Amino acid sequence: MGFLIVENVSHTYFSKDAATEALQDISLTVEEGEFISFIGPSGCGKTTLLSIIAGLIRPTAGNVYIENQKVYGNKDLSIGYMLQQDYLFPWKTIEENITLGLRLLKQDVDRGIASKLLKDVGLPAVEKKYPRELSGGMRQRVALARTLAVDPKILLLDEPFSALDYQSKLKLEDLVFKMLKQYNKTAILVTHDIGEAIAMSDRIILFSPRPGRIHEIFEISEDIRRLTPFQARSHAGYSPLFQQIWKELERLEH
Amino acid sequence: MNIKELHRQYKKRLAKEKRWIRFYQLLLLIGFFVLWETASSNRWIDPLIFSSPSRIFRLLMDMISDGTIFIHINYTLFETVLGFILGTLIGTILAAILWWFPTLSKILDPYLVVLNSMPKVALGPILIVALGPGMTSIITMGAIISVIISTIVIYTSFRNVDANYLKVLQTFNATKWQMFKEAILPASFPTIISTLKVNVGLSWVGVIVGEFLVSSQGLGYLIIYGFQVFNFNLVLMSLLIIAVFATLMYQLVEMLEKRLIKNE
Ligand SMILES: Nc1ncnc2c1ncn2[C@@H]1O[C@H](COP(=O)(O)OP(=O)(O)O)[C@@H](O)[C@H]1O
Ligand SMILES: [Mg+2]
């Protein structure tokens, strides 16, 4: 049995003048501790699928299970969601931001949990500061800390590195990768960056343009997987795979 | 020349410019009163209608020494402060209700438009009949004039809060109330404060008109009374006092704004 099961999921958005078919018959299984990437042309439904997996929207057809529990409307499952921007609440201090999820989920808020998490994500003691006092990279680290604070079953990452400068992005990739491995977390990453997908994942799922369907699945070889994202980028197997996915993506977009 | 020195000079220039601006502002104020006084004493303008600063000052001194002016100022200030706080508060609560029940907001939409376009002071006579010719009616006037526009502006701000903040909260299984409390309301604080600023002015309108209609006290009453007994010293003095207090109140709200929104 898989940890996460997506079963024949289809989704259509309805509005007054259009019915937009975003996803068509998606099925996939993810094992615990696996790292999966979604890539595909923009508008192919990646964000929609993440929202469905998070249980935030109900698919028009199909089901999603995490540890055999349906996700939609399930109040017991905790899911970590990271977005392209950090969406830290500007009127809350860093500490209040980090402990927000704990408070909402009525978990214990240990004193010092914020400083521990800040240390884990490689930040100095900025608990008492406000988000606007931090750089983009630091803020995204805080968002990661907020996400990890509630010990989520699964992490859903919707292009969380794409608004960062290149250096911050590489550092954060390594950080996220290490932390997920350390806690044996399951994660799904949506990205535009083929290199990032190869460097971070165990499997890459390529989606076809709208309506999104699974077009192809790329397994990453064991010796790349073992490396940190930064090292993976200089592995001999990296370039050929990049080329292969690139061509496939090009073909899909035209 | 080093940068420090240049910066010092730059700051000096700024300070100098500021002093000049203050100087001209003061000059304008003094000039206005001097001109008014001269025009009145030389009968270029009719002193019975336009009064003069010295007469107004004498009247003010009289009313200060017998204490009556404070009663009137107190009365009007109380009504205005309550009016604009109530207007903003009720506006916020109504906006919250509309946000909570989207269908209700769709149903009420045309009525809000009608209510908003209506000149609220026209409701004065009805309020007086309904609530009696007293302070309650006047405060209601002060509040009602700002409540609909506050509702509309604050509701719009509630709706424009970035949906991704709600997404973050939803992943933490937040309830609707928590979403309101943690994201919708605080994100709209700047808007609420800015309606507060607008409402200060609106409430003065409501309260003064209300006092025109019913009151036997307050600055609005003094204006209408002065008009009836043809004492324009009284009218103009009340106007000046209103100008001072309306400005003070606005400044106060602005200070509040700076303190509350410092973390943006
Ligand atoms: N709330 C919505 N209402 C209507 N259409 C939507 C909505 N969200 C997304 N869509 C449409 O669904 C399609 C898939 O969107 P999305 O999942 O955001 O794609 P991706 O993340 O892959 O770029 C797009 O065509 C988009 O316009
Ligand atoms: Mg997207």
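The shown structure was predicted, so the numbers you read here are calculated from the model rather than taken from an experiment. (Residues numbered from 1 in each chain as written. Chains lettered and ligands numbered in written order. Predicted model: local features only at pLDDT ≥ 70, side-chain atom pairs only at ≥ 80, totals over all residues. Heavy atoms only, no water.)

Peer 1: Can you explain the overall build of chain A? Please cite residues and give values.
Peer 2: The helix and strand inventory of chain A stands at nine helices and ten strands. Over its C-alpha atoms chain A spans a radius of gyration of 18 Å, differing by no more than 12% from the 18 Å that the globule rule assigns to 254 residues. When the backbone C-alpha atoms are referred to their principal axes, chain A occupies close to 50 × 45 × 40 Å. Buried residues in chain A amount to 57% of all 254 residues. Within chain A, contacts between residues separated by at least 24 positions form 70% of all contacts whose residues are at least 6 apart in sequence. Taken as a whole, chain A presents about 11500 Å² of accessible surface, with 47% of it coming from carbon and sulfur. Counting 31 positive and 33 negative side-chain charges, chain A places the centres of these two groups 5 Å from one another. (Helix = DSSP H or I, 4+ residues; strand = E, 2+ residues; numbered from the N terminus. Rg over C-alpha atoms; globule rule 2.2 N^0.38 Å. Buried < 20%, exposed > 50% of the residue type's maximum accessible area, 1.4 Å probe, protein only. Contact = heavy atoms within 4.5 Å. Areas by Shrake-Rupley, 256 points an atom, 1.4 Å probe, with all protein chains shown as cover. Lys, Arg positive; Asp, Glu negative; His and termini not counted. Charge placed at Lys NZ, Arg CZ, Asp CG, Glu CD.)

Peer 1: Got a sec to walk through the site of ligand 1? Specific residues and values, please.
Peer 2: All names here are of chain A. In the region of ligand 1, the neighbouring residues are Tyr 13, Ala 22, Ser 42, Gly 43, Cys 44, Gly 45, Lys 46, Thr 47, Thr 48 and Arg 210. Here a nitrogen atom of ligand 1 sits 3.4 Å away from a polar atom, N or O, in the side chain of Tyr 13. In this structure, an oxygen atom belonging to ligand 1 sits 2.7 Å away from a main-chain N or O atom of Gly 43. Considered on its own, ligand 1 offers 560 Å² of accessible surface; in the complex 62% of this is hidden by protein. No other element matches the three residues that helix H1 (residues 46-53) contributes to the shell around ligand 1. (Near = heavy atom within 4 Å. Polar contact = N/O pair within 3.5 Å; in protein donor to acceptor, adjacent residues only side chain to side chain.)

Peer 1: Give a detailed account of helix H10 (residues 189-214) of chain B, specifying residues and quantitative values.
Peer 2: Between its terminal C-alpha atoms H10 of chain B stretches 35 Å, which fits the 38 Å expected from 26 residues at 1.5 Å a residue. Along H10 of chain B, the sharpest kink reaches roughly 30°, centred on Asn 199 of chain B. (Expected span 1.5 Å × (residues − 1). Bend = angle between axes of the 7 residues up to and from the residue.)

Peer 1: Tell me about the UniProt feature "domain: ABC transporter" (unreviewed entry) in chain A, residues and numbers included.
Peer 2: UniProt marks residues 4-234 of chain A with the feature "domain: ABC transporter" (unreviewed entry), using the numbering shown here. As a span, residues 4-234 of chain A carries 32% helix and 26% strand, and end to end its C-alpha atoms are 31 Å apart. (UniProt positions renumbered as here; feature names shortened; annotations may be inferred.)

Peer 1: Account for the sheet that holds strand E9 (residues 203-207) of chain A, naming residues and giving values.
Peer 2: Residues and elements named next belong to chain A. A sheet is described by the order of its strands in space; here six strands give the open sequence E6-E7-E8-E3-E9-E10, paired in mixed fashion. Of all the strands in the sheet, just strand E6 (79-82) and strand E10 (214-219) have a single pairing partner and so form its edges. The mean inter-strand angle of the sheet, taken between neighbouring strand axes irrespective of direction, is 15°. Those strands touched by helix H9 (residues 238-253) are strand E3 (35-39), E9 and E10, and its axis lies near 175° from that of E10. (Pairing = 2+ DSSP bridges. Axes fitted to C-alpha atoms, helices over the stretch in contact; angles between N-to-C directions.)

Peer 1: Run through empty space enclosed by the protein, naming residues and quoting values.
Peer 2: Empty space left among the atoms is revealed by rolling a probe the size of a water molecule over them. Enumeration over the complete set of coordinates arrives at one cavity of 30 Å³ or more. Taken as a whole, the largest cavity encloses approximately 90 Å³ of empty space. Surrounding the largest cavity, 14 residues form its lining, Tyr 81, Met 82, Arg 146 and Thr 147 of chain A together with Val 168 of chain B being those nearest its centre. Of all the secondary-structure elements, those providing two or more residues to the lining of the largest cavity are E6 and helix H4 (136-149) of chain A together with helix H8 (163-171) of chain B. (1 Å grid on protein atoms, 1.4 Å probe; cavity = no way out; pocket = protein on both sides within 12 Å on 5 of 7 lines; lining within 4 Å. Points joined across faces, edges and corners; volume = space filled by probe spheres on them.)

Peer 1: Provide a residue-level description of the packing of helix H3 (residues 53-65) of chain B against helix H12 (residues 232-260) of chain B, including the pertinent values.
Peer 2: Residue and element names in this part refer to chain B. It is the contact of H3 with H12, at a shortest axis distance of 9 Å, that shows an interaxial angle of 80°. Considered as vectors, H3 and H12 are oriented roughly perpendicular to each other. Contacts between H3 and H12 involve Arg 55, Ile 56, Leu 59, Leu 60 and Met 63 on the former and, on the latter, Asn 233, Leu 234, Leu 236, Met 237, Leu 240 and Ile 241. Tallied by class, the residues present in the contact of H3 with H12 amount to nine nonpolar, one polar and one charged. (Parallel < 35°, antiparallel > 145°, perpendicular 65-115°, else oblique. Nonpolar A, V, L, I, M, F, W, Y, C, P; charged D, E, K, R; others polar.)

Peer 1: Break down the interface of chain B and chain A for me, citing the residues and quoting the values.
Peer 2: Listed per partner, the contact involves 19 residues of chain B and 25 residues of chain A. Applying the counting rule to chain B against chain A returns two salt bridges. Counting every contact that joins chain B to chain A gives eight residue pairs in polar contact (both at pLDDT 80 or more). Secondary-structure elements contributing two or more residues to the side of chain B that touches chain A are H8 and helix H9 (176-187) of chain B. If one sorts the elements of the side of chain B that touches chain A by residue count, H8 of chain B sits on top with seven residues. (Salt bridge = Lys/Arg side-chain N within 4 Å of Asp/Glu carboxyl O.)

Peer 1: Could you give an account of the domain arrangement of chain B, with specific residues and numbers?
Peer 2: For chain B, the assigned domains read domain 1 (3-45) and domain 2 (56-260). Here the C-alpha centroids of domain 1 of chain B and domain 2 of chain B sit 33 Å apart. (Domains from an automatic or database assignment.)

Peer 1: Tell me about the sheet that holds strand E4 (residues 61-66) of chain A, residues and numbers included.
Peer 2: Residues and elements named next belong to chain A. The antiparallel open sheet is built from four strands, whose spatial order is E2-E1-E4-E5. Every interior strand has two partners, whereas the edge strands, strand E2 (19-30) and strand E5 (69-70), have only one. Pairing geometry for E4 and E5, over two bridges, is antiparallel. Counted as the bridge partner of Tyr 65 is Lys 70 from E5. Strands in contact with H1 are strand E1 (4-14), E2 and E4; relative to E1, the strand with the most contacts, it is inclined by about 120°.

Peer 1: Outline the layout of surface pockets, listing residues and values.
Peer 2: One number sums up the size of the largest pocket: a volume of about 250 Å³. Around the largest pocket, the lining comprises 15 residues; the ones closest to its centre are Gly 55, Leu 56 and Lys 75 of chain A together with Gln 170 and Asn 173 of chain B. Looking at the lining of the largest pocket residue by residue, the class counts come to eight nonpolar, six polar and one charged.

Peer 1: How would you sum up unusual backbone geometry? Please name residues and give values.
Peer 2: With glycine set apart, most residues show a phi of negative sign, and most peptide bonds adopt trans. Residue and element names in this part refer to chain A. Omega for the bond connecting Arg 210 with Pro 211 falls within 30 degrees of zero, at -5°, which places this linkage in the cis form. Positionally, Pro 211 belongs in the loop between E9 and E10. In this structure, Glu 67 takes a positive phi of about 45° despite not being glycine. Take Glu 67: it is sitting in the loop between E4 and E5.

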